[in-house]
Amino acid sequence: MDLTKLKRESLCVQAGWQPKNGEARVLPVFQSTTFKYDDTEQMADLFDLKASGYFYTRLQNPTNDAVASKIAALEGGVAGMLTSSGQAANFYAVFNICEAGDHFIATNDIYGGTFNLFGVTLKKLGIECTFIDSECTDEELDAAFRPNTKCVFGETLSNPGCKVFDIERFANAAHKHGVPLIVDNTFATPINCRPFEWGADIVTHSTTKYMDGHATAVGGVIVDSGNFDWEANADKFPGLCEPDPSYHGLAYTKAFGKMAFITKATAQLMRDLGSIQSPQNAFLLNLGLETLHLRMPQHCKNAQAVAEYLENHPKVAWVNYCGLKSNKYYELGQKYVPNGSCGVMAFGLKGTREQAIQFMDSLDMICIVTHVADARTCVLHPASHTHRQLSEEQLKAAGIAPDLIRLSVGIENVQDIIADIEQALEKI
Ligand SMILES: *Cc1c(COP(=O)(O)O)cnc(C)c1O
């Protein structure tokens, strides 16, 4: 089957597991840590990366590989690697490029966990991050680059601010400085946006969100477009271009070409750091992916109706959803997510922070959960929950107003969603 001919909807269902004659039609869970070989030589070749095959699930597992290749096909990339979480995906994506003494640039509106990973934890490893406003001028962006800058990072749709990232502009700036652009495409999913088509080089996801879609399994993935020319800037990327002493002097770019990035992430980072996705979780993720193309349009349709309802409600101060014509990000949304962004929006109520909390506590069908982007409509107050660790100043810098309520619209009947919001608004 030539997957390159299939459209996204078909890839959701058909890509990944390709059974041979007599094998299980449905992707099995390879619940095995180890794989058997007939002689020493075959196993030795696997260890030396001379042959490809399975030997230990920390490095590769057939269930995980099938799911990673489905996501790679959906994004239009050359290869993918599953990770235990979205956090691990973003850590590995950056750490596969940067080492102590390096610097990179990220937009300041990214997910709170990623913001902390980049600003605090990576700093302890000697990697420095400059956070910039995604709406900075071209000059400001240009000025953020340093001689030791190794990559740029942004989110297609920021969590929780719901800003739209100008992928093409940031890709151009990154490439001008000889470094790749990494895009966290969690909220848009490849159904609504494929960042590689706009010049991004590497895509990451928290598969925990829409890809799983049922809130059953925490996971992440990194996909490489295969487009970035590491060798053209070899002095910047010694980890990819120079011999790796832990593989007898093998250089990833020379040995693996377009597969260099994912091979290094797997053979080196996953080998040493070990944040693998369990095959059981990969199996659940695959079930979610099979209906991603059906769920995303429903999330968008429902969210559009809810956003319009909120925008017209007298007790609502503001709504941020790029599907609204009045929205600051409407134009960018039309460019990058013309068929709809996702089910997540941010809004604020007129009144006090206590009233916002009262509103949320009055919801009935809609639950307060830390999670976002699954089948069930849910709500969260970032300043009290996910972003608690940020100071008032950091909250402001991340574009999170203290009154911001994050609403993740699910795939229930939209009249039921609106009715629940309405009765809760009546109580304040
Ligand atoms: C949730 C999320 C993450 C972190 O993913 P986990 O799977 O929770 O580790 C990273 N980026 C974005 C945009 C997210 O929404």
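Bear in mind the structure is a predicted one, so any value in this text is a computation, not a measurement.

Asks: Mind showing me how you'd approach the overall build of the protein here?
Replies: Looking only at helices and strands, the protein has 17 helices and 12 strands in total. Here the protein has a C-alpha radius of gyration of 22 Å; the compact-globule value for 428 residues is 22 Å, and the two agree. Each of the 428 residues in the protein was classed as buried or not, and the buried ones make up 54%. Within the structure as shown, the protein displays about 17,700 Å² of accessible surface, and the carbon and sulfur contribution to it stands at 53%. Of the side-chain charges in the protein, 36 are positive and 50 negative, and the distance between the mean point of each set is 1 Å.

Asks: Please explain the site of the ligand as it appears in this structure.
Replies: As a structural note, the neighbourhood of the ligand is formed by 16 residues, with Asn159, Asp184, Ser206, Thr208 and Lys209 the closest of them. Ser206 places a polar side-chain atom, nitrogen or oxygen, 2.8 Å from an oxygen atom of the ligand. In isolation the ligand offers 380 Å² of accessible surface; the protein chains occlude 92% of this area. Per-element accounting of the shell around the ligand gives the leading share, 3 residues, to helix α4 (residues 86-95).

Asks: Would you mind going over the pattern of salt bridges with me for this structure?
Replies: Side-chain pairs of opposite charge can arise whenever the charged atoms involved come near each other. Tallied over the full model, the rule gives 14 salt bridges. For the salt bridge of Glu135 with Lys328, the shortest nitrogen-to-oxygen distance reads 3.1 Å. Of this pair, Glu135 sits in the loop between β3 (128-132) and α6 (138-144) while Lys328 sits in the loop between β8 (316-320) and α14 (330-336), and the two are 193 residues apart along the sequence. Note on Glu135: relative accessible area 38%, which makes it partly exposed. A salt bridge links Asp138 to Arg169, with the nearest nitrogen and oxygen atoms 2.6 Å apart. One end of the pair, Asp138, is in helix α6; the other, Arg169, is in helix α7 (residues 167-176), and 31 residues separate them in sequence. For Asp138, a relative accessible area of 48% puts it in the partly exposed group.

Asks: Teacher, can you tell me more about the sheet that holds strand β2 (residues 103-107) here?
Replies: What holds strands together in a sheet is hydrogen bonding between their backbones, with the strands either parallel or antiparallel. Taken in spatial order, the 7 strands line up as β1-β7-β6-β5-β4-β2-β3 in an open sheet, and their pairing is mixed. A single partner strand is all that each edge strand has here, and the edge strands are β1 (79-83) and β3. Each strand of the sheet is rotated relative to its neighbour by a mean of 20 degrees, with strand direction disregarded. Pairing between β2 and strand β4 (residues 149-155): 3 bridges, direction parallel. Bridge pairing in β4 links Ile105 to Val152. Sheet strands in contact with helix α3 (residues 62-75) are β1, β6 (202-206) and β7 (220-224), and its direction is about 125 degrees off that of β1. Strands in contact with helix α5 (residues 112-124) are β2, β3 and β4; relative to β3, the strand with the most contacts, it is inclined by about 140 degrees.

Asks: I tried to follow the side chain of Thr204 on my own but got confused; where do I start?
Replies: Structurally, the position occupied by Thr204 is in strand β6. The exposure class of Thr204 is buried, given its relative accessible area of 0%. In this structure, Thr204 is in contact with Ala89, Asn90, Ala93, Phe153, Ile182, Val183, Asp184, Asn185, Thr186, Val221 and Ile222, ignoring residues within four places of it in sequence.

Asks: Looking at this model, I keep getting lost on the pairing of β2. Mind explaining?
Replies: Sheet faces and side chains relate simply in a regular strand, where the side chains alternate between the two faces. In terms of residue burial, β2 counts as a mostly covered element, since 5 of its 5 residues are buried. Both faces of β2 are covered, namely the face carrying His103, Ile105 and Thr107 and the face carrying Phe104 and Ala106. Bridge analysis of β2 against β3 gives 5 bridges, and the strand direction is parallel. Residue pairing across strands places Thr107 opposite Ile132, the latter belonging to β3. Regarding the hand of the β-α-β motif, the stretch spanning β2, α5 and β3 is right-handed.

About the cut-offs
- Residues numbered from 1 in each chain as written.
- Predicted model: local features only at pLDDT ≥ 70, side-chain atom pairs only at ≥ 80, totals over all residues.
- Heavy atoms only, no water.
- Helix = DSSP H or I, 4+ residues; strand = E, 2+ residues; numbered from the N terminus.
- Rg over C-alpha atoms; globule rule 2.2 N^0.38 Å.
- Buried < 20%, exposed > 50% of the residue type's maximum accessible area, 1.4 Å probe, protein only.
- Areas by Shrake-Rupley, 256 points an atom, 1.4 Å probe, with all protein chains shown as cover.
- Lys, Arg positive; Asp, Glu negative; His and termini not counted.
- Charge placed at Lys NZ, Arg CZ, Asp CG, Glu CD.
- Near = heavy atom within 4 Å.
- Polar contact = N/O pair within 3.5 Å; in protein donor to acceptor, adjacent residues only side chain to side chain.
- Salt bridge = Lys/Arg side-chain N within 4 Å of Asp/Glu carboxyl O.
- Pairing = 2+ DSSP bridges.
- Axes fitted to C-alpha atoms, helices over the stretch in contact; angles between N-to-C directions.
- Contact = heavy atoms within 4.5 Å.
- Right-handed = clockwise from strand over helix to strand, strands pointing away.

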